[in-house]
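Residue-level structure breakdown
Chain residues, written in single-letter form:
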Amino acid sequence: MRTAIDASAADRGTAPVDACHNDAVSTFQDYVDTFDNESGYLNWAAFGPLSPSVREEVFADADLLGSGRPSSLSLVAERIGQAQEIVAELLGGEADDVTLQPSSTHGLMHALYGLGGAVIASTAEFPSVSLTVERAAAASDHRVTPRWITPHDGRVTPDALTEELDDDVVALAVSHVDFRTGYRADLAALREAIGPDRLLIVDAVQSFGIVDVDFSVADVVVGHGYKWLRAGRGSAFAWFAPRARERIAPVLSGITGTTATGLFVDELPAPAASARAYTVSQPDTLAAGRLAIGVRDVRDAGVAAIEERLSEHVDTVIEIADRHGIEVTSPRDRAQRAGIVALAPQEPGRLAAALANAGLVVTARGSSVRVAPHAGTDAETLLLLDETLQAFGNETFISA
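Per an unreviewed UniProt entry, the protein chain is named Aminotransferase class V-fold PLP-dependent enzyme, and its organism is Microbacterium algeriense.

Rendered as structure tokens:
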């Protein structure tokens, strides 16, 4: 059997990522069958265990990099373009507008540090949004001005923006899906609310690949592959639409973000006119490969099909919680949610312990227990959740 290190440039050449291994996911059931993690995992909103195809390809790419041959290095470097192309396909944009980033926060920094004016953001946002807005203001001597809102239940809706929209506002920065409750913001409605003259900057970490939505209504979209895409850390991206590039100065532009085509020393070139301006250095090609494979598997399975199956699992989790008398603070309307179910039990610490003792992996934070299934979550996991909540309810009743 040939190993990856034996593959020559002619073997892989410039073939699309689809042809990189023999077991490419081509149908939705094939995709579901790749979920080979142990039963009990309900923490996809925190971390997605790497898929078999991602693990296979990263080992192959690592072997190629281990050879040191220029042809092998070039083959692995092709992952960068492959990842850009498939991410752009799912976003409805162009590959040249997609940049690969070490994290989604890096992408947000490129977007927010380069603005001038007021930026609306919720005080309930994940720190990658709120902290970056605040740091951008400090770094720019308040040329960037945070315009904080505190919407009901942390849900960013058009109504929550009404009183803040004035001539000073240049952008809205928002998480597509709230990390605590799973509430899904209506991007089209937010676009309509802020109008065409302001930028819509979207953190899609909790939605990209599992929510079938028109991302093209946004101007900047950042995402990361380490959750729902099952691609591991470092596999992030940021998409900058042409309109965004006209308004965002590439203040963090590094050696890869210039007009230069080679090494420069004596003269310092200007930032590139493309989205490449919002990069600092060459991407990690192993991370690019993981992202390319993770996104390819999602594309081939179909985002709409993934969303439908995930919605069914979320329905089941909510039904189980309802049946055992545990409050659910997440939206019940499928159009307003993604893959997160937030539980608000009377004794969150005891419930978290009960779930952990049963072998169920969730996120417990404060008064909430966050349950996050995926399209490939098996029936045994959902049954175990049901049995554990039933036992927990019985224990609570007896102790009371």
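**With respect to the pattern of salt bridges**
One pass over the structure, following the stated rule, counts 20 salt bridges. R296 is the partner of D297 in a salt bridge, and the nearest nitrogen-oxygen pair spans 2.4 Å. Residue classification places D297 among the buried residues on the basis of a relative accessible area of 2%. For R296, a relative accessible area of 0% translates into the label buried. For the salt bridge of R332 with D322, the shortest nitrogen-to-oxygen distance reads 2.7 Å. With R332 in the loop between α11 (303-323) and β8 (341-343) and D322 in helix α11, this residue pair connects regions lying 10 residues apart in the sequence. Judged by relative accessible area, which is 46%, R332 ranks as partly exposed.

**Overview of the nonpolar core**
Within the largest apolar cluster, 78 residues are counted, with the highest numbers of intra-cluster contacts made by F208, V221, F237, L343 and L385. By residue number, the principal contributor to this core is α11, which donates 8 residues. Setting aside anything within four residues of it in sequence, one finds V221 in contact with L91, V202, A204, F215, F237, A238 and W239. Counting 23 residues, the second-largest nonpolar core is a separate cluster that includes V119, V133, F240 and I248.

**Comments concerning the packing of helix α4 (residues 70-91) against helix α10 (residues 285-301)**
Packed helix pairs are specified by the crossing angle of their axes together with the interaxial distance, meaning the distance between the axes. Relative orientation of the contacting elements α4 and α10 amounts to 35°, with a least axis distance of 8 Å. Once α4 is placed against α10, the crossing between them reads as left-handed. Touching V76, A77, R79, I80, Q82, A83, I86, V87, E89 and L90 of α4 are T285, A288, G289, L291, A292, I293, V295, R296, V298 and R299, all from α10.

**Quick look at the sheet that holds strand β1 (residues 98-101)**
Two pairing modes exist for strands in a sheet, parallel and antiparallel, and in both the strands are linked by backbone hydrogen bonds. Taking strand neighbours across the sheet as the criterion, the 7 strands line up as β1-β7-β6-β5-β4-β2-β3 in an open arrangement whose pairing is mixed. At either margin of the open sheet sits one strand with a lone partner, and together these are β1 and β3 (144-149). Here the average twist between neighbouring strands, direction ignored, is 20°. Lying over the sheet, helix α6 (residues 127-139) contacts β2 (117-122), β3, β4 (169-175) and β5 (199-203), oriented at roughly 145° with respect to β3.

**What to know about the environment of D153**
Tracing the backbone shows D153 in the loop between β3 and α7 (158-161). Remark: the alpha-carbon pair of D153 and L263, spanning 110 residues in sequence, is separated by 51 Å. A distance of 2.9 Å separates polar atoms of two side chains, one belonging to D153 and the other to H152.

**Side note on the UniProt feature "domain: Aminotransferase class V" (unreviewed entry) in the protein chain**
UniProt marks residues 77-369 with the feature "domain: Aminotransferase class V" (unreviewed entry), using the numbering shown here. As a span, residues 77-369 carries 35% helix and 16% strand, and end to end its C-alpha atoms are 41 Å apart.

**Quick notes on the sheet that holds strand β10 (residues 368-371)**
Taken together, 3 strands build an open sheet; the order of strands is β8-β10-β9 and the sheet is antiparallel. The two strands at the open ends of the sheet, each matched to only one other strand, are β8 and β9 (363-365). The sheet shows a mean angle of 25° between the axes of neighbouring strands, direction not considered. Judged from the 3 bridges that link them, β8 and β10 form a sheet pairing that is antiparallel. Paired with V341 across the two strands is V371, which belongs to β10.

**Describing helix α3 (residues 52-67)**
Its 16 residues place the ends of α3 23 Å apart at the C-alpha level, agreeing with the 22 Å of an ideal helix rising 1.5 Å per residue. If you check which residues of α3 are buried, you get S53, V54, E57, V58, A60, D61 and L64. Buried residues in α3, looked at end-on, bunch into an arc of 165°, giving them a common side. Projecting away from the buried face of α3 at angles above 90 degrees are the exposed residues F59 and G66. Positive backbone phi, approximately 75°, marks G68, located one or two places after α3.

**Focus on unusual backbone geometry**
Despite not being glycine, D141 shows a phi value in the positive range, around 55°. Phi at H142 is positive, roughly 65°, even though this residue is not glycine. Position of H142 relative to the elements: it lies in the loop between α6 and β3.

Reading the values: the criteria
- Residues numbered from 1 in each chain as written.
- Predicted model: local features only at pLDDT ≥ 70, side-chain atom pairs only at ≥ 80, totals over all residues.
- Heavy atoms only, no water.
- Salt bridge = Lys/Arg side-chain N within 4 Å of Asp/Glu carboxyl O.
- Buried < 20%, exposed > 50% of the residue type's maximum accessible area, 1.4 Å probe, protein only.
- Helix = DSSP H or I, 4+ residues; strand = E, 2+ residues; numbered from the N terminus.
- Core = buried A, V, L, I, M, F, W, Y, C linked by side-chain atoms within 4.5 Å.
- Contact = heavy atoms within 4.5 Å.
- Axes fitted to C-alpha atoms, helices over the stretch in contact; angles between N-to-C directions.
- Left-handed = near helix turned anticlockwise from the far one by under 90°.
- Pairing = 2+ DSSP bridges.
- Polar contact = N/O pair within 3.5 Å; in protein donor to acceptor, adjacent residues only side chain to side chain.
- UniProt positions renumbered as here; feature names shortened; annotations may be inferred.
- Expected span 1.5 Å × (residues − 1).
- Arc of directions from axis to C-beta.

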